[in-house]
Amino acid sequence: MKKIPLICVILIFSLTSPIFASQNQSIINEEDSPVQFFVDYEKGFVSVLSHTIQISKTSPEFNYVTQGGQDILFPFERINVGAVINDRHRVSFLYQPLEINTVVNFDTTVTINDKPFEGTTELKYSFPFWRISYSYDLLEDKDVTLGVGAALQIRNASIVFKETDGASGTTTEGAESNVSQNVGLVPALHIYSMWKTPVGINLSADLTGIYASSKIIN
């Protein structure tokens, strides 16, 4: 199963819990402790810029944005917990649910995994994942962090195409359906950076990714 997603996430709300994250006001963390715990929660929406898929080699490539109704905004949230050890080592565990459901009306026949689909079709693209990350801060500046390391991610993919009766939402007799599901292990490179600005606002970037494609690692 070949997948080439590129997703742009625009966050409208991000919260770092002061109960865990603030070194000066934390209930759990002590200011001089070598281990500082944190909890991050993000909620907002996702806009899909580019997303194509080709499930079988004989089927044409399918464009989720132009053909599959993914040209609107979808809810997004995730939670990240972890700890910073001795101001240099950052370990985190992230869970991100992600499911995009759309309903489209194909004017022409669309072939998915060698099956023809036409008319009203329900599409589900479910791609939640769990990720553990580690980074080491290369800088000694207390206001600037540049950590590099690695991550290991488990993603749980479920991709569904199902012809339905547009009025009732039920599967019609003789209608086509296709389900592709698998669990994948994803090792990746990881970069975490943060700048504590003089005005009290923290700016951060969390980048994780690598290219690999096989039945086990992808």
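Bear in mind that the values here come from a model prediction, so they are computed numbers and not experimental data.

Colleague: Describe the overall build of the chain, and please don't skip the residues or the numbers.
Modeller: Scanning the chain from N- to C-terminus turns up zero helices and 11 strands. Starting at the N terminus, the α and β elements of the chain follow one another as β-β-β-β-β-β-β-β-β-β-β. Looking at the chain as a whole, 34% of its 218 residues are labelled buried. Contacts in the chain between residues far apart in sequence, at least 24 positions, make up 62% of those at least 6 positions apart. Carbon and sulfur atoms provide 58% of the accessible area of the chain, an area that totals close to 12,900 Å².

Colleague: With reference to specific residues and values, describe the environment of I132.
Modeller: Relative to the helices and strands, I132 resides in strand β8 (residues 129–137). The spacing of I132 and N80 is 52 residues in sequence and 9.5 Å in space, taken between C-alpha atoms. The residues contacting I132, other than those within four sequence positions of it, are S92, F93, A150, A151 and L152.

Colleague: Hey, could you go over the pairing of strand β4 (residues 73–85) for me, with residue numbers and the actual values?
Modeller: Pairing between strand β2 (residues 35–54) and β4: 13 bridges, direction antiparallel. Across the sheet, the residue bridging to V39 is V81, located in β4. Taking the residues that link successive antiparallel strands as the turn, the β4-strand β5 (residues 89–96) hairpin has three residues, and the phi of N86 there is positive, at about 55 degrees.

Colleague: Account for the pattern of salt bridges, with residues named and values stated.
Modeller: All told, the structure shown has four salt bridges when counted by the stated rule. Among the salt bridges present, the one from E122 reaches K162, with a minimum N-O distance of 3.7 Å. A residue pair is termed long-range when its members are at least 10 positions apart, and E122 in strand β7 (residues 115–126) and K162 in strand β9 (residues 144–163) qualify at 40 residues.

Colleague: Could you give me a rundown of the pairing of β9, with the residues and numbers involved?
Modeller: Where β7 and β9 come together, six bridges link them in antiparallel fashion. Looking at the pairing, Y125 lines up with I159 of β9. In the sheet, β8 pairs with β9 via nine bridges, with the strands oriented antiparallel. Within β9, the residue paired with I132 across the bridge is L152. Counting the residues between successive antiparallel strands, the hairpin from β8 to β9 contains six residues. Bridge count between β9 and strand β10 (residues 177–196): 19 bridges; the pairing is antiparallel. Bridge pairing links T145 to M194 in β10.

Conventions used here
- In every chain, residue numbers begin from 1 and rise along the written sequence.
- Totals for whole chains, interfaces and linings use all residues, but because this is a predicted model, local features are given only for residues with pLDDT of at least 70 and pairs of side-chain atoms are given and counted only at 80 or more.
- To get the side-chain values, all heavy atoms of the structure are used, and hydrogens and water are removed first.
- Helix and strand definitions follow DSSP, with helices as H or I runs of at least four residues and strands as E runs of at least two, each counted in order from the N terminus.
- Three labels apply to residues, based on accessible area from a 1.4 Å probe with only protein chains included: buried if under 20% of the type maximum, exposed if over 50%, partly exposed otherwise in between.
- Residues count as neighbours in contact if any of their non-hydrogen atoms are within 4.5 Å of one another.
- Surface accessibility follows the Shrake-Rupley procedure with a 1.4 Å probe radius. Residue values consider only the protein chains on display as shielding.
- Should DSSP find at least two bridges between two strands, the strands are taken to pair.
- The term salt bridge refers to a pairing of a side-chain nitrogen on Lys or Arg with a carboxyl oxygen on Asp or Glu at a separation within 4 Å.

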